[in-house]
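Each chain, letter by letter, is given below.
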Protein chains: 2
Amino acid sequence: MQKMQNVVVNVNGQILTPEQASVSVFDRSYLYGDSLYEVARTYKGKPLFLHEHLLRMKRSAELCHMALDQPLEIYQKEMQRTLEAFLSLPGQAAVEAYIRIVLSRGIGKIGFGLNCLLSPTQYTIIVQPLNPPSDEQFEKGFRFRVVDRLRNDSRALDPAMKSGNYLNNLLAYLEATNDGFDDALLCNSEGHITEGTTFNIFYARNGIIATPPLDIGILHGLTRHAVIETARQLGYWVREVRFSKERLYEADEVFMTSTIKEVFPVTQVDNSHTSPGPITKKLRDAFRSRVPEWLNA
Amino acid sequence: MQKMQNVVVNVNGQILTPEQASVSVFDRSYLYGDSLYEVARTYKGKPLFLHEHLLRMKRSAELCHMALDQPLEIYQKEMQRTLEAFLSLPGQAAVEAYIRIVLSRGIGKIGFGLNCLLSPTQYTIIVQPLNPPSDEQFEKGFRFRVVDRLRNDSRALDPAMKSGNYLNNLLAYLEATNDGFDDALLCNSEGHITEGTTFNIFYARNGIIATPPLDIGILHGLTRHAVIETARQLGYWVREVRFSKERLYEADEVFMTSTIKEVFPVTQVDNSHTSPGPITKKLRDAFRSRVPEWLNA
């Protein structure tokens, strides 16, 4: 394994270097992707929406028939402790952090039967330098391909559950980048846009903002939620509606939201081009300006 | 980790005890379920269809945009070598073996971008005692629930790809066993039966055998294939057709096929009961009687 700089890992409460951090090959995360995860980021060294991320992890656990048998505060405390170990590395105090928690059902005999663990018995927390897109990238925006691959149907595997089963997203990503795009958008079987591989999607037309509704089968994005709320505060009409890819082609502005990329312009969808627009910029700025308020909430 | 008896593990060519065998938490199998697998079994110490399992792994790799950059013979040789280590354990020579290979894209930085590995860089082979169902269990048969959860749509995540994304199957299993059943059958969004969590499904009515077609989006079961071929040799008409769960309720016999369980009777589907029937028994016996021929092919 190539040496990873400035990365701190916590495995079941033990702070380790990345090279030391491992799981058994009998861990169900390795065998079945039978795990959940969340990703948070810091602002000035403080993690944003950490409790909300853990609440979402709890909802993921319910969707996955996994019983969290210890209070969320334990995970929150361990994430904080790992973050502090990261921030105390030489030169890291000024760097923002990416914080990932993975929760696995843990080690069991191979097979589902008899010994299927209901509670997670393994967790890993990874803290590493945040690598957000630059202002230059903001001006360029992202170029997205609406891929043929469908988003997982929520009746089969609910995208609202943030799990270790990530191949649907990964394969969509590979298909889009293989066509020269930055990333992928996925439709459902009715041809409606759902979300991207790791982000929610919005468009604006004639001053009205639209984004797919939660019940279409998407991740309940925390940034998505905060942006909708912020936009409404600013007086925008935000519609949560089903739409096909053509609506993105015709939009005045397209943007995506995610924990890491906040509000970010999409300047190409398939063969249709736009520029980073005023609503996208206004929402990005408004989102950022509200961060201190959320951190102190 | 509880001590596992009589289990041999091979991680990237190194033979290890189960307790020693681990992968990095940065392995994509752990983070994304970004891995493939196959399971074979032995008859009198010889693995059946090993080459066919590896050919299927190669097809899974294509579906997963993973390039196998070393010849399948390397994996086959390592599986044989691990099997021999298992058989040389005290008292194991008389025991049949379960052989699992897991192939992972390996370690990369978190995120899809930039460093997305196209070839697998990590593999694990696990050999342990086979635990097939007993003759007594054969007489009782399995009790299956047709669960509400749908099978993954092949346009989202193709069930023909045997991957480390196994939550769809696992959640179906948990839902069925929670209702007191042994295992689950899954339908597609049109209400057609597809397959079970780890097996293919058949029924017989009026002497005619039926099973869902491959293009409905199911695993291309090697035992399924061998059983269809064997049944046709015996003069049965085998239809590969779409059908809803009601056809299983009305069937004379229902049976499942898998590498480990071969041909096995299903004596209950939801609230509908049958007994292990003559066709099921005849096919199980015929399958077993052909094993020496296949082993020498």
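Above this note sits the structure.
Okay, so let's go over this structure. (Residues numbered from 1 in each chain as written. Chains lettered and ligands numbered in written order. Predicted model: local features only at pLDDT ≥ 70, side-chain atom pairs only at ≥ 80, totals over all residues. Heavy atoms only, no water.)

Residues and elements named next belong to chain A. Inspection of every chain in the model, using the stated rule, returns 39 salt bridges over all chains. Arg41 is paired through a salt bridge with Glu262; the nearest N and O atoms lie 3.8 Å apart. Separated by 221 residues along the polypeptide, Arg41 in strand β4 (residues 35–43) and Glu262 in strand β15 (residues 262–269) bring together distant segments of the chain. Relative accessible area serves as the criterion here: at 7%, Arg41 is assigned to the buried category. Glu262 gets classed as buried once you look at its relative accessible area, which sits at 4%. The partner of Asp270 in a salt bridge is Arg145, and the shortest N-O contact between them spans 3.5 Å. Here Asp270 is found in the loop between β15 and β16 (272–273), whereas its partner Arg145 is found in strand β8 (residues 142–150), with 125 residues between them in sequence. (Salt bridge = Lys/Arg side-chain N within 4 Å of Asp/Glu carboxyl O. Helix = DSSP H or I, 4+ residues; strand = E, 2+ residues; numbered from the N terminus. Buried < 20%, exposed > 50% of the residue type's maximum accessible area, 1.4 Å probe, protein only.)

This paragraph deals with helix α3 (residues 72–87) of chain B. Residue and element names in this part refer to chain B. Here α3 spans 22 Å end to end across 16 residues, near enough to the 22 Å set by a 1.5 Å rise per residue. All of the buried residues along α3 are Leu72, Tyr75, Glu78, Met79, Thr82, Leu83 and Phe86. Summarising the axial view, the buried residues of α3 lie within an arc of 140°, below the 170-degree limit, and thus occupy one face. (Expected span 1.5 Å × (residues − 1). Arc of directions from axis to C-beta.)

With that settled, consider the interface of chain B and chain A. Opposite the 62 residues of chain B that make contact, chain A presents 62 residues. The contact between chain B and chain A buries some 5,100 Å² in all, and 70% of this surface belongs to carbon and sulfur atoms. Counting the contacts that link chain B with chain A gives zero salt bridges. Joining chain B to chain A, the criterion identifies 23 residue pairs in polar contact (both at pLDDT 80 or more). (Contact = heavy atoms within 4.5 Å. Buried area = accessible area lost by both parts, 1.4 Å probe. Polar contact = N/O pair within 3.5 Å; in protein donor to acceptor, adjacent residues only side chain to side chain.)

This paragraph deals with the side chain of Thr223(A). All names here are of chain A. Mapped onto the elements of the fold, Thr223 is located in helix α6 (residues 222–233). A polar contact is formed between the side chain of Thr223 and the backbone nitrogen of Thr259, at a distance of 3.4 Å. The residues touching Thr223, leaving out its near neighbours within four places in the chain, are Thr257, Ser258, Thr259, Glu262 and Phe287.

Quick look at the pairing of β4(A) now. Residues and elements named next belong to chain A. Counted residue by residue, β4 has nine buried out of nine residues, so it is predominantly covered. The side-chain alternation of β4 yields two buried faces, one formed by Ser35, Tyr37, Val39, Arg41 and Tyr43 and the other by Leu36, Glu38, Ala40 and Thr42. Relative to strand β6 (residues 97–104), β4 runs antiparallel, the two being bridged by seven bridges. Paired with Tyr37 across the bridge in β6 is Val102. In this structure, β4 lies alongside strand β5 (residues 46–47), joined through two bridges in antiparallel fashion. Along β5, the bridge assignment pairs Thr42 with Pro47. Between β4 and the antiparallel strand that follows it, β5, lie two residues; Lys44 among them carries a positive phi value of about 50°. (Pairing = 2+ DSSP bridges.)

In short, geometric facts, not functional conclusions.
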